[in-house]
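Chains, contacts and geometry: an overview
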Amino acid sequence: PVDSKARSQQDLFKDAMRKIGLNELWLDVFSDGVARVPGTPLSPAAPASGPDILTEALTQTRGTGIAVYADLSLLLWGDAPPKAARDINIEGEDSRQAVSPMAPVVGDSLTALVRTLAATPGLAGFAWDDAAPDEDLGYTPEMRLTFLRTAHADPIDITPDLFARADTSLPEF
């Protein structure tokens, strides 16, 4: 149960949102490698006491015209991501925060989390943050090979200026 002081703060928050015309609440349900929704592989081992933030937000916004979106920061998992998930650059250097989208633990865990969220009644949708590993072309060898097989070009050789002009239909490109 939520105490009366917390309840009045929630009411003030909802009223303030409506007063300035906000009709969406993007709720941080996954960031730094931690899901703030119980019952998923990425949830903390010791659940927080009281209702989870998503359930509480959906309860508090029901009937207000405020849509709740699950905000997920996908590939930045804090200072200590699981070793099996860490992004390794082409030189074999380990990233301290970013995880590889090609790592099975990343795909499996995030898929399970998204399935749980998608089955949540009242959730309006998703907001995806940090969906690219980095902006410095830090492709892992697996990602380079996948891209090469799909686009017939090594992503390291492509810049935004060159890709628009590249004719990837040429044989052996």
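Predicted, not measured: the structure shown is a model, and the values here were computed from it. (Residues numbered from 1 in each chain as written. Predicted model: local features only at pLDDT ≥ 70, side-chain atom pairs only at ≥ 80, totals over all residues. Heavy atoms only, no water.)

**Comments concerning the packing of aromatic side chains**
- Using the criterion set out here, one finds 2 aromatic pairs in the structure.
- Measuring from centroid to centroid gives 5.7 Å for Phe30 and Trp77, while their planes differ by 80°, and the two rings are edge-to-face. Taken together, the positions of Phe30 in strand β1 (residues 24-31) and Trp77 in the loop between β3 (67-73) and β4 (86-88) put the pair 47 residues apart, joining distant regions of the chain.
- Judged by its relative accessible area of 4%, Trp77 falls in the buried class. (Phe/Tyr/Trp six-rings, centres within 6.5 Å; stacked < 30°, edge-to-face > 60°. Helix = DSSP H or I, 4+ residues; strand = E, 2+ residues; numbered from the N terminus. Buried < 20%, exposed > 50% of the residue type's maximum accessible area, 1.4 Å probe, protein only.)

**What to know about the nonpolar core**
- Core analysis: the largest hydrophobic core is formed by 26 residues, its most contacted members being Leu54 and Leu117.
- Mapped by element, the contributors of at least two residues to this core are β1, α2 (53-61), β3 and α3 (104-118).
- Leave out the neighbours within four places in its chain, and Leu54 touches Leu27, Val29, Val37, Val68, Leu117, Thr120 and Leu123. (Core = buried A, V, L, I, M, F, W, Y, C linked by side-chain atoms within 4.5 Å. Contact = heavy atoms within 4.5 Å.)

**Concerning the side chain of Thr40**
- Checked against the element boundaries, Thr40 lands in the loop between β2 (34-35) and α2.
- A distance of 2.7 Å separates polar atoms of two side chains, one belonging to Thr40 and the other to Ser43.
- When neighbours within four sequence positions are excluded, Thr40 is seen to be in contact with Ala35, Leu113 and Thr116. (Polar contact = N/O pair within 3.5 Å; in protein donor to acceptor, adjacent residues only side chain to side chain.)

**Focus on the pattern of salt bridges**
- Applying the stated criterion across every chain, the model contains 1 salt bridge.
- Between Arg36 and Asp28 there is a salt bridge, and its shortest N-O distance comes to 3.8 Å.
- By relative accessible area, which is 31% here, Arg36 ends up partly exposed.
- Asp28 gets classed as partly exposed once you look at its relative accessible area, which sits at 33%. (Salt bridge = Lys/Arg side-chain N within 4 Å of Asp/Glu carboxyl O.)

**Structural notes on the sheet that holds strand β6 (residues 125-129)**
- Taken in spatial order, the 4 strands of this open sheet run β2-β1-β3-β6, and their pairing is mixed. Here the strands that pair on one side only, and so sit at the sheet edges, are β2 and β6.
- Across the sheet, α2 lies against β1 and β3, angled at about 170° from β1, the strand it touches most. (Pairing = 2+ DSSP bridges. Axes fitted to C-alpha atoms, helices over the stretch in contact; angles between N-to-C directions.)

**Points about the pairing of β1**
- Here β1 pairs with β3 via 6 bridges, running parallel. Within the sheet, the bridge partner assigned to Glu24 lies in β3 and is Ala67.
- Bridge analysis of β1 against β2 gives 2 bridges, and the strand direction is antiparallel. In the sheet register, Ser31 faces β2, and the bridge partner there is Val34.

**Details of unusual backbone geometry**
- Although it is not a glycine, Asp32 adopts a positive phi angle of roughly 55°.
- With respect to the element layout, Asp32 can be found in the loop between β1 and β2.
- Even without being a glycine, His152 presents a positive backbone phi close to 60°.
- Topologically, His152 is positioned in the loop between α4 (141-151) and α5 (160-163).

**Describing the confidence of the model for the protein chain**
- Across the protein chain, the average pLDDT comes to 78, with 75% of residues at 70 or higher.
- Of all the helices and strands in the protein chain, α5 carries the lowest mean pLDDT, 53, while β3 carries the highest, 94. (pLDDT = per-residue confidence, 0-100.)

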